[in-house]
Amino acid sequence: MDETHTYSVLIVEDAPDLRQMLLDILHNAGFSTLFGAADCREARQLFALHHPQAVLLDINLPDGDGFSLMQEMRQTTNVPTLFLSARDANVDRLHGLGLGADDYITKPFLPDELILRLTAVLKRTYHLTTLPPILRLGEVEINWASGMVHHPDHPDTPLTAKETALLRKLADARGSIVTIDALCQAAWNDGIFGYENTLMVHIRRLREKIERDPSNPVWLRTVRGLGYKLEREP
């Protein structure tokens, strides 16, 4: 199975037949963790409960609009989002992409096109590699498929898309230094300029999730002047 198919997807579409068709398309393609919402209210509930790793989002919803809903979701996690809309006006497309959407697909669309574009967004966002499904840091376990961190000292917590991208980059080179600019490239697909302070914030939040004592990290170490390193098991 393609590793992207292990990622959870929330589909927000008010038309019942189309929502079921989207669920069927993704299920038949191999996606097994799927959630369907008919409106903004239901989408908020499912998003808070399941922390999906991608969202397929209609623009016209009975109790709001997809643009506003995406901005609301992005306040807590930079979840990759694809708009699905019958509105083909360039202004809508540019507005959605300008807000930070990862793709914009116009209805009607071919099922294969949807799967290809969703898969491309997942691979680009999470920088998927052939890492083992579980990353173990002592007693802490990170499940790449669910995006959840299991820590013996507190309840399971989800990783954001940026945190996942950074941790995967560090895990790819586990035991070696990963430079600041390489981490910025992995998370923002850009160079170091303008992201170093933001990177430090994400590293701090990662440590809060994976370290027993975030102020004295054992696993995610700073290499002063160079970058960061994810330590290997002793």
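Below: a short report on this structure.

1. A look at the sheet that holds strand S9 (residues 140–143)
Thinking step 1. Reading across the sheet, the 4 strands line up as S8-S9-S10-S11 and stay open at both edges, with antiparallel pairing between neighbours. Each end of this open sheet is capped by a strand with a single partner; those strands are strand S8 (134–137) and strand S11 (154–158). Going from strand to strand, the sheet's axes swing by 15 degrees on average, the running direction of each strand aside.
Thinking step 2. The sheet contact formed by strand S10 (residues 148–151) and S11 spans 3 bridges and is antiparallel. Bridge assignment links Met148 to a residue of S11, and that residue is Pro158.

2. Some words on the pairing of S9
Thinking step 1. In S9, alternate side chains face the same way, and those of Val140 and Ile142 are buried while those of Glu141 and Asn143 on the opposite face are not.
Thinking step 2. With 4 bridges connecting them, S8 and S9 associate as antiparallel partners. When the bridges of S9 are listed, Arg136 appears paired with Glu141.
Thinking step 3. Linking two consecutive strands that pair antiparallel, namely S8 and S9, is a turn of 2 residues; a positive phi of about 65 degrees is found at Gly138 within it.
Thinking step 4. Between S9 and S10, which pair antiparallel one after the other, the connecting turn spans 4 residues, and Gly147 there sits at a positive phi close to 75 degrees.

3. Quick look at helix H8 (residues 196–210)
Thinking step 1. Taking 1.5 Å per residue, 15 residues should reach 21 Å; H8 reaches 21 Å between its end C-alpha atoms and fits that length.
Thinking step 2. Of all the residues in H8, the buried ones are Leu199, His202, Ile203, Leu206, Arg207, Lys209 and Ile210. Here the buried residues of H8 occupy an arc of 160 degrees about the axis, which is enough to place them on one side.

4. Some thoughts on the nonpolar core
Thinking step 1. Leu135, Leu137, Ile142, Leu167, Leu199, Tyr228 and Leu230 are the most contacted members of the largest nonpolar core, which totals 25 residues.
Thinking step 2. Among the secondary structure elements, those contributing two or more residues to this core are S8, S9, helix H6 (161–172), helix H7 (180–188), H8 and strand S14 (227–230).
Thinking step 3. When residues of this core are assigned to their parent elements, the largest contribution, 5 residues, is made by H7.
Thinking step 4. When near neighbours in sequence (up to four residues on either side) are disregarded, Leu137 contacts Ile142, Arg174, Ile210, Trp219, Leu230 and Glu233.
Thinking step 5. With 23 residues, the next largest nonpolar core counts Leu23, Phe31, Leu84 and Val121 among its residues.

5. Notes on the sheet that holds strand S1 (residues 9–12)
Strands belonging to one sheet form pairs held by backbone hydrogen bonds; the direction of such a pair is parallel or antiparallel.
Thinking step 1. Read across the open sheet, the 5 strands follow the order S2-S1-S3-S6-S7; overall the sheet is parallel. Each having just a single partner strand, strand S2 (34–37) and strand S7 (103–106) make up the two edges of the open sheet. Each strand of the sheet is rotated relative to its neighbour by a mean of 15 degrees, with strand direction disregarded.
Thinking step 2. Note that S1 and S2 share 4 bridges and pair parallel. In the sheet register, Val9 faces S2, and the bridge partner there is Leu34.
Thinking step 3. Across the sheet, helix H2 (residues 40–50) touches S1, S2 and strand S3 (54–58), and the angle it forms with S2 is around 155 degrees.
Thinking step 4. Packing against the sheet, helix H3 (residues 66–73) makes contact with S1, S3 and strand S6 (81–85), and its axis sits at approximately 155 degrees to S3.

Reading the values: rules and limits
- Residues numbered from 1 in each chain as written.
- Predicted model: local features only at pLDDT ≥ 70, side-chain atom pairs only at ≥ 80, totals over all residues.
- Heavy atoms only, no water.
- Pairing = 2+ DSSP bridges.
- Helix = DSSP H or I, 4+ residues; strand = E, 2+ residues; numbered from the N terminus.
- Axes fitted to C-alpha atoms, helices over the stretch in contact; angles between N-to-C directions.
- Buried < 20%, exposed > 50% of the residue type's maximum accessible area, 1.4 Å probe, protein only.
- Expected span 1.5 Å × (residues − 1).
- Arc of directions from axis to C-beta.
- Core = buried A, V, L, I, M, F, W, Y, C linked by side-chain atoms within 4.5 Å.
- Contact = heavy atoms within 4.5 Å.

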